[in-house]
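# Descriptive analysis of the structure
Letter by letter, the chains look like this.
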Amino acid sequence: MNKLEKLEDFLRHSILFLYYGELFSKKQREYLELYFEENSSFSEIAKRYEITRQAVYDNIKRGIKQLDEYEEKLKIFEKEKELKNKLLFLKSNFTLENLEKIIEEFDYDENLE
């Protein structure tokens, strides 16, 4: 994996953490916040919590796996990207027909309670 792939992977997981961060335990969420949002190293996190660097690494690795699993099941990030693409298309190709088509693609009953 080259540096660009690593960066893209890091950014993707940072975004997924914004969506799914509240699903983690308090401690794991703290480690992931430090890693993704404050760009702390494993060593810095380990020192702060007085644990081993390996323990931090294991927690972050497990957290990343969980983020991927959440997105695989819930697809919130994927759906948001799809919606953005549709809106960008609509912005440059606006017709009532295109708008209606996008609305139909949502295909849910908004009167559900």
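Residues numbered from 1 in each chain as written. Predicted model: local features only at pLDDT ≥ 70, side-chain atom pairs only at ≥ 80, totals over all residues. Heavy atoms only, no water.

The next subject is the pattern of salt bridges. Scanning all chains against the criterion turns up four salt bridges. In this structure, glutamate 105 and lysine 86 form a salt bridge, with 2.7 Å as the shortest nitrogen-oxygen distance. Of this pair, glutamate 105 sits in helix H6 (residues 96–106) while lysine 86 sits in helix H5 (residues 76–92), and the two are 19 residues apart along the sequence. (Salt bridge = Lys/Arg side-chain N within 4 Å of Asp/Glu carboxyl O. Helix = DSSP H or I, 4+ residues; strand = E, 2+ residues; numbered from the N terminus.)

Moving on, we get to a nonpolar patch on the surface. Together, Leu4, Leu7 and Leu11 give the surface a local cluster of nonpolar side chains, amounting to about 280 Å² of exposed area. As for its position among the elements, leucine 4 is in helix H1 (residues 3–20). (Patch = residues over 30% accessible without salt bridge, like charges linked within 9 Å, V, L, I, M, F, W, Y side chains within 5 Å. Areas by Shrake-Rupley, 256 points an atom, 1.4 Å probe, with all protein chains shown as cover.)

Here we come to helix H4 (residues 53–74). Look at H4: 31 Å from first C-alpha to last across 22 residues, which is about the 32 Å you get at 1.5 Å a residue. Of the positions making up H4, those classed as buried are Val56, Asn59, Ile60, Gly63, Leu67, Tyr70 and Glu71. Considered in projection along H4, the buried side chains sweep an arc of 105 degrees and stay on one side of the axis. Seen from the open side of H4, the exposed residues pointing more than 90 degrees away from its buried face are Lys61, Lys65, Glu72 and Lys73. Looking at the buried side of H4, the elements it contacts are H1, helix H2 (26–36), helix H3 (42–49) and H5. The positive-phi residue at the C-terminal boundary of H4 is lysine 75, with phi of around 55 degrees. (Expected span 1.5 Å × (residues − 1). Buried < 20%, exposed > 50% of the residue type's maximum accessible area, 1.4 Å probe, protein only. Arc of directions from axis to C-beta. Contact = heavy atoms within 4.5 Å.)

Keep in mind that these numbers describe shape and distance, not what the molecule does.
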